Amino acid sequence: MIERIWSGKSWLYLLLLPLSFLYGLVTVIRDIAYKIGLKRSWKAPIPVVVVGNLTAGGNGKTPVVIWLVESLTKEGYRVGVVSRGYGGKAEKYPLILDETTTTEVAGDEPVLIFHRTKSPVAVAPKRSDAVKALLEKFPLDVIITDDGLQHYALQRDYEIVVIDGQRRFGNGWWLPAGPMRERAGRLKSVNAVIVNGGEAQKNEALMALEGDVACNLVSGEKRAVTQLPAVIAMAGIGHPPRFFASLENKGVEVISTHAFADHQSYELKQLSRLVKNEQNLLMTEKDAVKCRAFAQPNWWFLPVQAHLQAPDAEKILSGIKKLITNNKKTYHK
């Protein structure tokens, strides 16, 4: 229902407009408060890159974060990642992740980023605390923050907005009548706009999520996803239909699909009843990090990588590398 309302296919958004105007008013007042100094923000001693979006729901931010971390690390830069840790409940913050950190404590996306990149990751509701914790423990050149475009308490040096190329901005209204956290005009002030699928418009970089090799959660076996027979697909991400459509486009034999809420936690009994012994349960990597403790031999996940055209990728990376090079206050332990 919420997808129909936000996409403009239902008139019910009209009932929510008063709340949207209130949300917009609070947003504008908050932004002004930061601009004129009524609310204080913290400036890190090294460059901070924010990867966020203007809308609620998953747009593909985490693959972009992973792409940035891996690309910069390959060139010798020391990269740290901070996140709010949505869905996790730690005993105290900030929390620096290690190999034993679970999604129940840190949230699914930070755990996924940590295991994929092997870079330092910290979570805290107040992101500046997470940055400070990383800088106390690691000599870093740059911080990437997963989400947090609207978290103005942390100053940033480079902003990247990720847009769902299919849904874009829906009906254009603020939450809850529409999907907008900020109005589309905010794009004029960011450094880069990445579009996940669909068609890129002027000054937008088109991104594709690529992944053709599935990985078994128990054995670690890798197999072409098209070679998995009798697939039962599941996804608990911001927009599950995107994952299901990608499998269909690859020619995967999908028997049924099951969509779950973003950041939802899972139990063995809940997922086991989705699939029979002769079938294969296929999920996203974000789902897999929450299922490893009770995974079954016929459970698989499909890792994906963000791919941008070379000129767009180089433009973004060059802008960040220039910030690092020009930074006169690079932190040293």
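Predicted, not measured: the structure shown is a model, and the values here were computed from it.

## Overview of the sheet that holds strand β5 (residues 142–146)
The strand order across the open sheet formed by nine strands is β3-β4-β2-β5-β1-β6-β7-β8-β15, and the pairing between neighbours is mixed. The sheet is open, and its two edges are formed by β3 (95–96) and β15 (305–308), each paired on a single side. Two elements, strand β2 (residues 79–83) and strand β4 (residues 121–123), share three bridges in a ladder whose sense is parallel. Bridge pairing links Val-81 to Val-121 in β4. Contacts from helix α6 (residues 127–137) reach β2, β3, β4 and β5 within the one sheet, and its direction differs from that of β2 by about 150 degrees. On top of the sheet, helix α10 (residues 310–326) reaches β1 (48–52), β5, β6 (158–164), β7 (192–196), β8 (205–210) and β15; it is set at about 150 degrees to β6, its chief contact.

## So, the UniProt feature "binding site: ATP" (unreviewed entry) in the protein
The positions that UniProt labels "binding site: ATP" (unreviewed entry) are, in the present scheme, Thr-55, Ala-56, Gly-57, Gly-58, Asn-59, Gly-60, Lys-61 and Thr-62. Following the sequence through the fold, Gly-57 ends up in the loop between β1 and α3 (61–74). Using a relative accessible area of 11% as the deciding quantity, one classes Gly-60 as buried. Residues contacting Gly-60, with those up to four places away along its chain left out, are Val-162, Asn-196 and Met-207.

## Looking at the UniProt feature "transmembrane region" (unreviewed entry) in the protein
Here the UniProt feature "transmembrane region" (unreviewed entry) sits at residues 12–33. Secondary structure across residues 12–33 comprises 95% helix and 0% strand; the distance between its end C-alpha atoms is 33 Å.

## A look at the sheet that holds strand β11 (residues 231–235)
Sheets are built from strands paired through backbone hydrogen bonds, the pairs being either parallel or antiparallel. Pairing in this open sheet of six strands is mixed, and the strands run β10-β9-β14-β13-β11-β12 from one edge to the other. With partners counted over all chains shown, the strands left at the sheet margins are β10 (222–224) and β12 (254–259), one partner each. Shown here is a sheet whose adjacent strand axes are inclined to one another by a mean of 30 degrees, direction ignored. Packing against the sheet, helix α7 (residues 240–250) makes contact with β11, β12, β13 (280–284) and β14 (299–302), and its axis sits at approximately 150 degrees to β11.

## As for the packing of aromatic side chains
If you walk through the whole model with that rule in mind, you get five aromatic pairs. Taking 6.0 Å as the distance between ring centres and 55 degrees as the angle between the ring planes, the aromatic pair formed by Phe-243 and Phe-244 counts as tilted. Phe-244 matches Phe-243 in its accessibility class, with the two residues each being buried. Arranged with centres 5.3 Å apart and planes meeting at 80 degrees, the rings of Phe-260 and Tyr-266 form a pair that is edge-to-face.

Conventions used here
Residues numbered from 1 in each chain as written. Predicted model: local features only at pLDDT ≥ 70, side-chain atom pairs only at ≥ 80, totals over all residues. Heavy atoms only, no water. Pairing = 2+ DSSP bridges. Helix = DSSP H or I, 4+ residues; strand = E, 2+ residues; numbered from the N terminus. Contact = heavy atoms within 4.5 Å. Axes fitted to C-alpha atoms, helices over the stretch in contact; angles between N-to-C directions. UniProt positions renumbered as here; feature names shortened; annotations may be inferred. Buried < 20%, exposed > 50% of the residue type's maximum accessible area, 1.4 Å probe, protein only. Phe/Tyr/Trp six-rings, centres within 6.5 Å; stacked < 30°, edge-to-face > 60°.

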